[in-house]
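Listed here are the chains, written in short residue letters.
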Amino acid sequence: MNFIVGAFKPPCIVSISFADGRTRKQVPLKKENGHTVMVPLFQSQENIVGEVLIEPIHGKKLEHTGVKIELLGQIVRELDVPGELYEKKTYPFEFSTVEMPYESYNGVNVRLRYILKVTISRNYVSNIVEHQDFVVQNYTPLPSINNSIKMEVGIEDCLHIEFEYNKSKYHLKDVILGKIYFLLVRIKIKNMELEIRRRESTGSGPNTYVETETLAKFELMDGGPVRGESIPVRLFLSPYELTPTYRNINNKFSVKYYLNLVLVDEEDRRYFKQQEITVYRLET
C-alpha cells in the first residue's frame, strides 16, 4: 500500500510491511469508501513487527524534521532524527506484547480500528503521512456455566407457548437448538419465525443512540399449530456476519444480540418474545 503526498510533485513513496506478512492470516476489512481490502489479523499480547520503506523519487531530495511510527491510540516510536534522504531507506519497527483488549468492529454508527501511522515531519510544507490498517480478534474459552433458556409466554385465554433454547451463550460458528411447545392455541396462527437481532448502542445516558438490525430470519413453521404440538429449532450461526457481544467498550459503545420469536396470525397481527444471548469468539 503506497500513499504519496507533496507540495507540488510527489517527493517520495512510503510503504509499511509486516515481518510475517506472507504467512500471517489475512481477513477482509471494509473501508469507509465501501471497498473491502485484505489486512493482517492480530490478537492481544502479540508483537507487531515490520518495516517502513521510504523511497525518494529519483533525483529529488527529501528534507525532514523526523520520522515516526504510531500504533494509533497507544504507542509512538521515533524512527529517525531530522535530516535528509537522497535514496531509499528502511526503518524496522517493533511494538512488543501489545495490549489490544478490544476487537476491531465496523458497525452502523461506530467503528473501532487499529492503525499503524507513519509521519514524515517537514518544515514549511505539509507532512507526509501513510496509514496501514490491521484487524484484532480475541478469543474466549468455552464458558464454564452455560445455562439453557426456558420461558413461558402468551396471551391470556388465547395463546400459551413455552420455548426452550439449549444454552444462553453461543460461539460464532455454533448451532442454536431448541423447541417451541404450544400449550394453548385459540387464535389462528399463520406462521412462526426466529430472528437474530443485533442492537448497537452508542453514547451514554440521555445521549444514548440505539440502532437495531435484523441479521437473519428463519421460518420455524408454516401453517397453524395445534395444542400439544412441539416445533424443533435448529439454526446455524456460521452463515451470518456476527461479532462477539461487546459490553460498554471503553465507555463508548455496546453490541448485544437477541433471539426474537415471532408469530403471525391470519390477520397479520404479530406476537413476539425477545431473549438476549451472548455471542463469543472460540479459537478454532
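Per an unreviewed UniProt entry, the chain is named Vacuolar protein sorting-associated protein 26A isoform X2, and its organism is Ziziphus jujuba.

Any chance you could break down the overall build of the chain for me, citing the residues and the numbers?
Tallying secondary structure elements over the chain gives zero helices and 24 strands in all. Over its C-alpha atoms the chain spans a radius of gyration of 26 Å, topping by over 25% the 19 Å that the globule rule assigns to 284 residues. In terms of its C-alpha atoms, the chain occupies a principal-axis envelope of roughly 85 × 40 × 35 Å. Considering the chain as a whole, with its 284 residues, one finds that 42% of them fall into the buried category. Restricting the contact set of the chain to residue pairs at least 6 apart, pairs at least 24 apart contribute 64%. For the chain, the accessible area works out to roughly 16,100 Å², and carbon and sulfur atoms hold 47% of it. Side chains of the chain give 37 positive and 37 negative charges; the mean places of these two sets differ by 1 Å.

Lay out the pairing of strand β18 (residues 175-185) in plain terms, naming residues and giving numbers.
The pairing of strand β16 (residues 159-165) with β18 spans seven bridges and is classified as antiparallel. From the neighbouring strand, tyrosine 165 faces β18, where its bridge partner is glycine 178. Pairing between β18 and strand β21 (residues 230-236): seven bridges, direction antiparallel. Bridging from a neighbouring strand, leucine 177 pairs with arginine 234 of β21.

Which residues make up the pattern of salt bridges, and what values go with them?
Tallied over the full model, the rule gives 17 salt bridges. Between lysine 61 and glutamate 84 there is a salt bridge, and its shortest N-O distance comes to 3.7 Å. Here lysine 61 is found in the loop between β5 (48-56) and β6 (62-64), whereas its partner glutamate 84 is found in strand β9 (residues 83-85), with 23 residues between them in sequence. A residue is classified by how much of its surface remains accessible, and lysine 61, at 40% relative accessible area, is partly exposed. Exposure remark for glutamate 84: the relative accessible area of 41% places this residue in the partly exposed category. For arginine 113, the salt bridge is made with aspartate 133, and the minimal N-O distance between the two is 3.1 Å. Of this pair, arginine 113 sits in the loop between β12 (111-112) and β13 (114-121) while aspartate 133 sits in strand β14 (residues 128-136), and the two are 20 residues apart along the sequence. Owing to a relative accessible area of 35%, arginine 113 belongs among the partly exposed residues under this scheme.

Which residues make up the nonpolar core, and what are the values?
Of all hydrophobic cores here, the largest spans 64 residues; its most connected members are Ile48, Val52, Leu116, Phe134 and Leu261. The element contributing the most residues to this core is strand β23 (residues 253-265), with six residues. Apart from the residues lying within four places of it in its own chain, the contact partners of leucine 261 are Ile161, Phe163, Tyr165, Ile180, Met192, Glu193, Leu194, Leu220, Tyr271, Phe272 and Lys273. Counting five residues, the second-largest nonpolar core is a separate cluster that includes Leu29, Val39, Leu41 and Val135.

Which residues make up the packing of aromatic side chains, and what values go with them?
Going through the model one piece at a time under the given rule, you end up with nine aromatic pairs. For the pair tyrosine 114 and phenylalanine 134, a centre-to-centre distance of 5.8 Å together with 35° between the ring planes defines the contact as tilted. Of the two residues, tyrosine 114 is situated in strand β13 and phenylalanine 134 in strand β14; the sequence distance between them amounts to 20 residues. Taken together through their ring pairs, the aromatic side chains of Phe18, Phe42, Tyr114 and Phe134 make up a single cluster. Stacked on the ring of phenylalanine 42, the Lys or Arg arginine 24 has its end atom at 3.9 Å from the ring centre. Just above the ring of tyrosine 258 sits the side chain of arginine 199; from NZ or CZ to the centre is 4.4 Å.

Tell me about the sheet that holds β18, residues and numbers included.
Strand pairing in a sheet takes place through backbone hydrogen bonds and is either antiparallel or parallel in direction. Ordered by their spatial adjacency, four strands build an open sheet running β15-β16-β18-β21, and the pairing between neighbours is antiparallel. Edge positions in the sheet fall to β15 (149-155) and β21, since each has one partner strand and no second. Strand-to-strand, the axes of this sheet are offset by a mean angle of 20°, without reference to chain direction. Two strands pair when backbone bridges link them, and β15 and β16 are joined in this way by seven bridges, in the antiparallel orientation. Paired with lysine 150 across the two strands is glutamate 164, which belongs to β16.

Criteria and thresholds
Residues numbered from 1 in each chain as written. Predicted model: local features only at pLDDT ≥ 70, side-chain atom pairs only at ≥ 80, totals over all residues. Heavy atoms only, no water. Helix = DSSP H or I, 4+ residues; strand = E, 2+ residues; numbered from the N terminus. Rg over C-alpha atoms; globule rule 2.2 N^0.38 Å. Buried < 20%, exposed > 50% of the residue type's maximum accessible area, 1.4 Å probe, protein only. Contact = heavy atoms within 4.5 Å. Areas by Shrake-Rupley, 256 points an atom, 1.4 Å probe, with all protein chains shown as cover. Lys, Arg positive; Asp, Glu negative; His and termini not counted. Charge placed at Lys NZ, Arg CZ, Asp CG, Glu CD. Pairing = 2+ DSSP bridges. Salt bridge = Lys/Arg side-chain N within 4 Å of Asp/Glu carboxyl O. Core = buried A, V, L, I, M, F, W, Y, C linked by side-chain atoms within 4.5 Å. Phe/Tyr/Trp six-rings, centres within 6.5 Å; stacked < 30°, edge-to-face > 60°. Lys NZ or Arg CZ within 6 Å of the ring centre and 35° of its normal. Axes fitted to C-alpha atoms, helices over the stretch in contact; angles between N-to-C directions.

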